[in-house]
Amino acid sequence: MATNPKWMIYGATGYTGKLIAAKAIELGQKPTLAGRNADKVRALAEKLGLPWAAFSVDDTDAAKAALKNHTLVLSVAGPFSATAQQMMTACIETGTHYLDVTGEIAVFELAASLNDDAKEAGISLMPGVGFDVVPSDCLAAHTAARAKDPQSLVIAIKGLGGPSQGTAKTAVESLGAGTMARKGGVIKSFPAGKLQRSFDLGVGPEPFLAVSWGDVSTAFYSTNIDDIEVYFPNEGPIKSMTTMSRFFGPVMGSNMVKNFLKKQIDKMPAGPTDAERERDTSLLLAEVTDADGTVYKSTLATPNGYTLTAESAVRCALLKLSGEGEGGFQTPSKAFGAEFVTKLTDCKLEDY
């Protein structure tokens, strides 16, 4: 590994990218800031006193030229369905570690499919180093390790707070696609709203809906559990989007509707304010059922998802730059251990 290796934040001018860049500087780092829009990237880099580069992931030659002198790239450019494959391919060709903050199941499965190519190139592919999916992945691995022969995993997540524009646009991409869960080791699609449960996360039983969260993919690789479901509270935008997908699935999945919704999202605030991030917290529950029927439960309290993402993404990048973790496709818990999340600020894990 090179002394003081160079690394890059791609998509640095977005809401989450700026938070990550600020955290990197706080931790004494000077990453290259990058993105598609040269004017925006230059302005941010000059403001922060950091090097910069501008290129589109669709321009293969430009992407490889920018990456070849960098040991690692942390991509914050979502929806990752539109950027991950191009960037992963460029990273394999240039020998650059790839990290991102996606929660998209298809991106995790893409990275898993490129495992052998990444190993041969001597790099890691590690999607999901933000709130998607560091806390839930580590919690799943921790809880599964308590069981002798874990058979099923259910995760419930409460307190996500308001989304950024990028997160909202990524959610729009899934409209009309049904709900993903893993059954018998296979990812399957269920009608929106079909999978429902109640969970008690400290205030009594509340209704939850299954969602297509990244752990449907990653927890399989982290725990070897074949049956996995992830749930959010049945309220607010989740409830509305599920209802619309259930009754207007084909229409909601059309490009016309998606483009309309994305234009409305552009009118939203970029993301939660500093005060909102300081106020909001999240609570995650993992339930693992053992072969003998014993249910193991663990909870994880975290700060706001975007606050956690900024810290976890940078710390994952620094650990990878220091040589931690093996090559090929990795989940955060496989790379750095299930207890990695407990080393992040204001994260508290408890067993029941």
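Rules used in this analysis
Residues numbered from 1 in each chain as written. Predicted model: local features only at pLDDT ≥ 70, side-chain atom pairs only at ≥ 80, totals over all residues. Heavy atoms only, no water. 1 Å grid on protein atoms, 1.4 Å probe; cavity = no way out; pocket = protein on both sides within 12 Å on 5 of 7 lines; lining within 4 Å. Points joined across faces, edges and corners; volume = space filled by probe spheres on them. Helix = DSSP H or I, 4+ residues; strand = E, 2+ residues; numbered from the N terminus. Nonpolar A, V, L, I, M, F, W, Y, C, P; charged D, E, K, R; others polar. Salt bridge = Lys/Arg side-chain N within 4 Å of Asp/Glu carboxyl O. Buried < 20%, exposed > 50% of the residue type's maximum accessible area, 1.4 Å probe, protein only. Disulfide = S-S within 2.5 Å. Pairing = 2+ DSSP bridges.

Attention now moves to the layout of surface pockets. Size it by volume and the second largest pocket reaches roughly 290 Å³. Arg 277, Glu 278, Pro 303, Thr 307 and Thr 345 are the residues nearest the centre of the second largest pocket, which is lined by 16 residues in total. A per-element tally of the lining of the second largest pocket places helix α1 (residues 15–26) first, with four residues. Here the residues of the lining of the second largest pocket are counted per class, giving four nonpolar, four polar and eight charged.

In a structure, side chains of opposite charge can pair up when their charged atoms sit close to one another. The tally for this structure, following the rule as stated, stands at twelve salt bridges. Lys 64 serves as the salt-bridge partner of Glu 93, at 2.8 Å between the closest nitrogen and oxygen. Of this pair, Glu 93 sits in helix α4 (residues 84–94) while Lys 64 is found in helix α3 (residues 60–67), placing the two residues 29 residues apart along the sequence. Residue Lys 64 is classed as partly exposed on the basis of its relative accessible area of 24%. A salt bridge links Glu 109 to Arg 182; its shortest N-O distance comes to 3.5 Å. Of the two residues, Glu 109 sits in helix α5 (residues 105–113) while Arg 182 sits in strand β8 (residues 179–183), which places them 73 residues apart along the sequence.

This model, assessed by the stated rule, comprises zero disulfides. Here Cys 316 stays free of any disulfide, with the sulfur of Cys 138 as its closest cysteine sulfur at 7.9 Å.

Let us look at the environment of Gly 14. Mapping Gly 14 onto the fold places it in the loop between β1 (7–10) and α1. Considering only alpha carbons, one finds Gly 14 and Gly 271, 257 residues apart in sequence, at a separation of 9.6 Å.

This brings us to the sheet that holds strand β5 (residues 97–100). Across a sheet, paired strands are connected by hydrogen bonds in the backbone, their directions being either parallel or antiparallel. Strand order across the open sheet formed by seven strands is β3-β2-β1-β4-β5-β6-β15, with parallel pairing between neighbours. Each of the sheet's edge strands pairs with one partner strand only, and the pair in question is β3 (52–54) and β15 (328–329). As paired strands, strand β6 (residues 124–126) and β15 are joined by two bridges and run parallel to one another. Residue pairing across strands places Ser 124 opposite Gly 328, the latter belonging to β15.

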